[in-house]
Amino acid sequence: KCKSFTSLFTISYKICHVADDIDLKSGAADFLENLRQKGYKICIATASDRELYEACLKRNKIFDYFDNFTQSDEVERGKGFPDVYELAAKKCGFGADECVVFEDVYEAVCGAVNGDFYTVAVKDDASNGDIEKIKEKCNLFINDYYDLL
């Protein structure tokens, strides 16, 4: 397991949440800027279509923070399994023990944890029904990205 947040940060596109338009979760832009300034590699592992995540990231002016984009359709199994996280890490030249995954859905948290990734669960209102399961499964639970700044 990771002892610290090092090397690769795989951040799901779910740093954005969907309402009438797509906005960043609280603290996400500041957190990404902080990682970028420290030289961390940052990638996205997502089940979303390229058009959705690109539009979200560009509109919120964070697209250029990311070194790599990996979509779940590049692997056989969905985010309930570690495959998409493993591929994202591999594209950046890292193993699971050098990565941190940020997720906000129980199934995705399980996939990352089952791949031996240090997994930070980010609170999301859409996952309130699974919040206790998420807290039990992840390595760290945060209410928003400001918790890490």
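Residues numbered from 1 in each chain as written. Predicted model: local features only at pLDDT ≥ 70, side-chain atom pairs only at ≥ 80, totals over all residues. Heavy atoms only, no water.

### Here we look at unusual backbone geometry
Trans peptide bonds make up the majority, and among non-glycine residues the majority have a negative phi.
Move 1: Positive phi, normally seen in glycine, also occurs at Lys61, with a value near 60°.
Move 2: Relative to the elements of secondary structure, Lys61 occurs in the loop between α2 (50-59) and β5 (68-71).
Move 3: Backbone geometry places Asp116, a non-glycine residue, at a positive phi of 65°.
Move 4: Among the secondary structure elements, Asp116 is positioned in the loop between α4 (106-114) and β7 (118-122). (Helix = DSSP H or I, 4+ residues; strand = E, 2+ residues; numbered from the N terminus.)

### Considerations on the environment of Phe63
Move 1: For Phe63, the position within the fold is in the loop between α2 and β5.
Move 2: Taking the C-alpha atoms as reference points, Phe63 and Tyr53, separated by 10 residues in sequence, lie 9.0 Å from one another.

### Thoughts on the environment of Pro82
Move 1: Its place among the elements puts Pro82 in the loop between β5 and α3 (83-91).
Move 2: On the basis of relative accessibility, which here comes to 11%, the residue Pro82 falls in the buried class.
Move 3: Along the sequence, Pro82 and Val109 sit 27 residues apart, while their C-alpha atoms lie 9.4 Å from each other.
Move 4: Setting aside residues no more than four positions away along its own chain, Pro82 makes contact with Arg77, Gly111, Asn114, Gly115 and Phe117. (Buried < 20%, exposed > 50% of the residue type's maximum accessible area, 1.4 Å probe, protein only. Contact = heavy atoms within 4.5 Å.)

### Some words on the pattern of salt bridges
Move 1: Going through the model one piece at a time under the given rule, you end up with 10 salt bridges.
Move 2: Its salt-bridge partner being Lys25, residue Asp104 comes within 2.4 Å of it at the nearest N-O pair. A residue pair is termed long-range when its members are at least 10 positions apart, and Asp104 in the loop between β6 (99-103) and α4 and Lys25 in the loop between β3 (22-24) and α1 (28-37) qualify at 79 residues. When sorted by exposure, Asp104 lands in the same class as Lys25, which is buried.
Move 3: Across the pair Asp124 and Lys25 runs a salt bridge whose closest N-O atoms are separated by 2.9 Å. Highlighted residues: Asp124 in the loop between β7 and α5 (131-137) and Lys25 in the loop between β3 and α1, separated in sequence by 99 residues.
Move 4: Since its relative accessible area comes to 15%, Asp124 is described here as buried.
Move 5: Residues participating in the shared-partner salt-bridge network are Lys25, Asp104 and Asp124. (Salt bridge = Lys/Arg side-chain N within 4 Å of Asp/Glu carboxyl O.)

### Re the nonpolar core
Move 1: The biggest cluster of nonpolar side chains holds 20 residues, and the ones touching the most others in it are Leu57, Ile62, Phe66, Phe102 and Tyr145.
Move 2: Those elements that provide at least two residues to this core are α1, β4 (41-46), α2, β6 and β7.
Move 3: In terms of residue count, α1 provides more of this core than any other element does, four residues in total.
Move 4: Grouped together as the second largest cluster of nonpolar side chains are 12 residues, Val84, Ala96, Val101 and Ala112 included. (Core = buried A, V, L, I, M, F, W, Y, C linked by side-chain atoms within 4.5 Å.)

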